[in-house]
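Secondary and tertiary structure notes
Chain residues, written in single-letter form:
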Amino acid sequence: MATHDSTISGITLERAEFEQLLAQSPRTFDGCAFDEADLSRLDLQGCTFERCTFTGANLFACKLARATFRRCRAGGADFESVDAVDASFEACDLNNTIWRRARLASASYHGCKLTGASFEEAAHLGITFEECLLIGADLRGFSFRKATLKQLDLSEAYLAGCDFREAVFEGGSLRNAVLKLAKFQGADLRGAEIDGFKLTEAALFKGAVITHAQAANFVRELGISVI
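Presented here is an overview of the structure given in this document. (Residues numbered from 1 in each chain as written. Predicted model: local features only at pLDDT ≥ 70, side-chain atom pairs only at ≥ 80, totals over all residues. Heavy atoms only, no water.)

**A closer look at the packing of aromatic side chains**
- Taken as a whole and judged by the stated rule, the model has 26 aromatic pairs.
- Both rings, one in Phe-119 and one in Phe-129, keep their centres 5.7 Å apart while their planes meet at 85°; by these two values the pair is edge-to-face. Remark: Phe-129 occurs in strand 8 (residues 128–130) and Phe-119 occurs in the loop between strand 7 (108–110) and strand 8; sequence separation between them is 10 residues.
- Overall, the relative accessible area of 4% leaves Phe-129 in the buried class.
- A centroid spacing of 5.9 Å and a plane angle of 75° characterise the contact between Phe-119 and Phe-142, whose relative ring orientation is edge-to-face. Within this pair, whereas Phe-119 is found in the loop between strand 7 and strand 8, its partner Phe-142 is found in the loop between strand 8 and strand 9 (148–150), the two being separated by 23 residues in sequence. The burial state of Phe-119 is the same as that of Phe-142; both residues are buried. (Phe/Tyr/Trp six-rings, centres within 6.5 Å; stacked < 30°, edge-to-face > 60°. Helix = DSSP H or I, 4+ residues; strand = E, 2+ residues; numbered from the N terminus. Buried < 20%, exposed > 50% of the residue type's maximum accessible area, 1.4 Å probe, protein only.)

**Considering the state of the cysteines**
- This model, assessed by the stated rule, comprises 0 disulfides.
- Not engaged in a disulfide, the cysteine Cys-32 finds its nearest cysteine sulfur in Cys-52; these two sulfurs lie 4.9 Å apart.
- The closest cysteine sulfur to the non-disulfide-bonded Cys-62 is located on Cys-47, 10 Å from its own sulfur. (Disulfide = S-S within 2.5 Å.)

**So, the environment of Tyr-109**
- Inspection of the secondary structure puts Tyr-109 in strand 7.
- Between the alpha carbons of Tyr-109 and Arg-41 there is a distance of 22 Å; along the sequence they are 68 residues apart.
- Residues within four places of Tyr-109 in sequence aside, it is in contact with Phe-89, Leu-94, Trp-99, Leu-104, Leu-114, Phe-119, Ile-127, Thr-128, Phe-129, Glu-130 and Cys-132. (Contact = heavy atoms within 4.5 Å.)

**A few points about the pattern of salt bridges**
- Using the criterion set out here, one finds 18 salt bridges in the structure.
- A salt bridge links Glu-19 to Arg-15; the shortest N-O distance between them is 3.8 Å. Of this pair, Glu-19 and Arg-15 both sit in helix 1 (residues 15–23), 4 residues apart, which is roughly one turn of that helix.
- Between Arg-175 and Asp-195 there is a salt bridge, with its nearest N and O atoms 4.0 Å apart. Of this pair, Arg-175 sits in the loop between strand 10 (168–170) and helix 2 (212–220) while Asp-195 sits in the loop between strand 10 and helix 2, and the two are 20 residues apart along the sequence.
- Note on Asp-195: relative accessible area 26%, which makes it partly exposed.
- Among the charged side chains, a salt-bridge network with shared partners connects Glu-80, Arg-100, Arg-101, Glu-120, Glu-121, Asp-138 and Arg-140. (Salt bridge = Lys/Arg side-chain N within 4 Å of Asp/Glu carboxyl O.)

**Some thoughts on the nonpolar core**
- Formed by 73 residues in total, the largest nonpolar core has its most connected members in Trp-99, Tyr-109, Phe-119 and Phe-129.
- By residue number, the principal contributor to this core is helix 1, which donates 3 residues.
- Once residues within four sequence positions are removed from consideration, Phe-129 is found in contact with Tyr-109, Leu-114, Phe-119, Leu-134, Leu-139, Phe-142, Phe-144 and Leu-152. (Core = buried A, V, L, I, M, F, W, Y, C linked by side-chain atoms within 4.5 Å.)

**Concerning unusual backbone geometry**
- In this structure, Ser-81 is a non-glycine residue whose phi angle is positive, near 65°.
- Structurally, the position occupied by Ser-81 is in the loop between strand 5 (68–70) and strand 6 (88–90).
- Phi angles above zero are rare outside glycine, and Gln-151 is one such case at about 50°.
- Mapped onto the elements of the fold, Gln-151 is located in the loop between strand 9 and strand 10.
- Note on Gln-151: relative accessible area 44%, which makes it partly exposed.

Right, dumping it as structure tokens:
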């Protein structure tokens, strides 16, 4: 085990040893492995995790407020009911993670892989996603009203009831997403890929701004050529 200025580096940690280290107040963990570990209900507020792995770990109800995760791998990890207010996730692999009933107010995800992630019933006021893969993610009921959405791949995502009113899409995709009862009034979709929808679903985008090319794609579903 390497330590420097309260940094723990390059070790595999089970719950008991991790708790002992936390009692000594280290705040930074670099290159540590927590794969499959039971970390539920631990207080990790303000900790920084660099290049750590949490694959399949159980972080149920952990306190993660103001915690920072950079270049971490946590595929399949359980973050259900965590308090991650003001937490930051940068360039992390969070595919197939569970965030059900998590507190994510003002949390930020930048450059993260969140394919298949579930955010059901999460408290998300002020949450930020930027340059993230959210393919097939469950974001039902999320509000992105007036947000600028930069390079979000929401292909096949479950977006039922989401509020995109007056949102601006800068790149990204909504291809084949589930948009039942979603709101797009005033949204600027010109930068997003919205292919894959049937003409009968065009009404979902009532009040949104789209390009001529995007509108033509809907018409092509009728077999009509637009020149």
